[in-house]
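Next come the chains, spelled out residue by residue.
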Amino acid sequence: MKKSTIILMWGIGTSVLTITLSQILYVTHNENSGFKYLSFLFFILGMLIGTRMYRNKANGGYLSYGEGFMVGFFINLIISVVSIIGLVVDLQIHPDMID
C-alpha cells in the first residue's frame, strides 16, 4: 500500500465516523450526554491505528519518531479539514444546531 493511501484512508474514515456519530447524537437528542466523548476515542484510535498500519504496511515494520509524528500530523490534518467541511454542511442542514 502506498504511504499517502494509508494516511488518506484513515484520515477520511475517522472523520466520517466522528461526523456520523455527531449526527446520530443530534438526531436522538443526546448531544449533551456522555456519548459525545466517543468521538475523542475514535479520533485517538484512528490516529494510532493509522500510524501503526503505516509502519507495518508502507514502511516495512520500521518507524522513526519523526516519521510517526509526520504520519500522525497528516492524519490529524485530514481529519480536521473533513470535519470542518462536515460541520459547515451540517450547519446548513440544521441551522438550529448552534443553539
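The rules we used
- As a convention, each chain's residues are numbered from 1 in the sequence order in which they are written.
- Given that this is a predicted model, residues contribute local features only at a pLDDT of at least 70 and side-chain atom pairs are listed and counted only at 80 or more, while totals for whole chains, interfaces and linings are drawn from all residues.
- The side-chain values count all of the structure's non-hydrogen atoms but skip hydrogen atoms and water molecules.
- Secondary structure counts use DSSP, requiring at least four H or I residues in a row for a helix and at least two E residues in a row for a strand, with both numbered from the N terminus.
- All accessible areas in this document rest on Shrake-Rupley with a 1.4 Å probe, and a residue is counted as covered only by the protein chains that are shown.
- His is not counted here, nor are the chain ends, while Lys and Arg score as positive and Asp and Glu score as negative.
- The location of each charge is read from NZ of Lys, CZ of Arg, CG of Asp or CD of Glu.
- A fitted line through C-alpha atoms represents every axis, and for helices the fit uses only the stretch in contact; the resulting angles, taken between N-to-C directions, go from 0 to 180 degrees.
- In a left-handed crossing the near helix is turned counterclockwise from the far helix by less than a right angle, and in a right-handed crossing that turn is clockwise.
- Residue contacts are defined here by distance: any two heavy atoms, one from each residue, within 4.5 Å place the two residues in contact.
- Residues are grouped as follows: Ala, Val, Leu, Ile, Met, Phe, Trp, Tyr, Cys and Pro are nonpolar; Asp, Glu, Lys and Arg are charged; all remaining types, including Gly, are polar.
- A pair of Phe, Tyr and Trp rings is counted when the ring centres sit within 6.5 Å of each other, with Trp represented by its six-membered ring. The angle between the planes then sorts it: under 30 degrees is stacked, over 60 is edge-to-face, the rest tilted.
- Categorising residues by exposure relies on relative accessible area from a 1.4 Å probe, with only protein chains included: less than 20% of the type maximum marks a residue as buried, more than 50% marks it as exposed, and the intermediate range marks it as partly exposed.

**Side note on the overall build of the protein**
Part 1 of the argument: Helix and strand counts for the protein come out as 3 helices and 0 strands.
Part 2 of the argument: For the protein, the sequential pattern of α-helices and β-strands runs α-α-α.
Part 3 of the argument: Over its C-alpha atoms, taken along the principal directions, the protein stretches across nearly 50 × 25 × 20 Å.
Part 4 of the argument: Here the protein displays about 6,600 Å² of accessible surface, and carbon together with sulfur accounts for 71% of that area.
Part 5 of the argument: Within the protein, one finds 6 positive and 5 negative side-chain charges whose respective centroids are separated by 25 Å.

**Let's talk about the packing of helix H1 (residues 3-27) against helix H3 (residues 65-93)**
Part 1 of the argument: Close contact between H1 and H3 brings their axes to 8 Å; oriented N to C, the two are set at 35°. Along this stretch, H1 crosses H3, giving a crossing that reads as right-handed. Contacts from Ile7, Leu8, Trp10, Gly11, Ile12, Thr14, Ser15, Thr18, Ile19 and Gln23 of H1 reach H3 at Val71, Phe74, Ile75, Ile78, Ile79, Val82, Ser83, Gly86 and Asp90.
Part 2 of the argument: Here the contact of H1 with H3 is composed, by residue class, of 11 nonpolar, 7 polar and 1 charged.

**Concerning the packing of aromatic side chains**
Part 1 of the argument: On inspection of all chains with the given rule, the structure shows 3 aromatic pairs.
Part 2 of the argument: Their ring planes at 70° and their centres at 5.5 Å tell us that Phe73 and Phe74 sit as a pair that is edge-to-face.
Part 3 of the argument: On the basis of relative accessibility, which here comes to 35%, the residue Phe74 falls in the partly exposed class.

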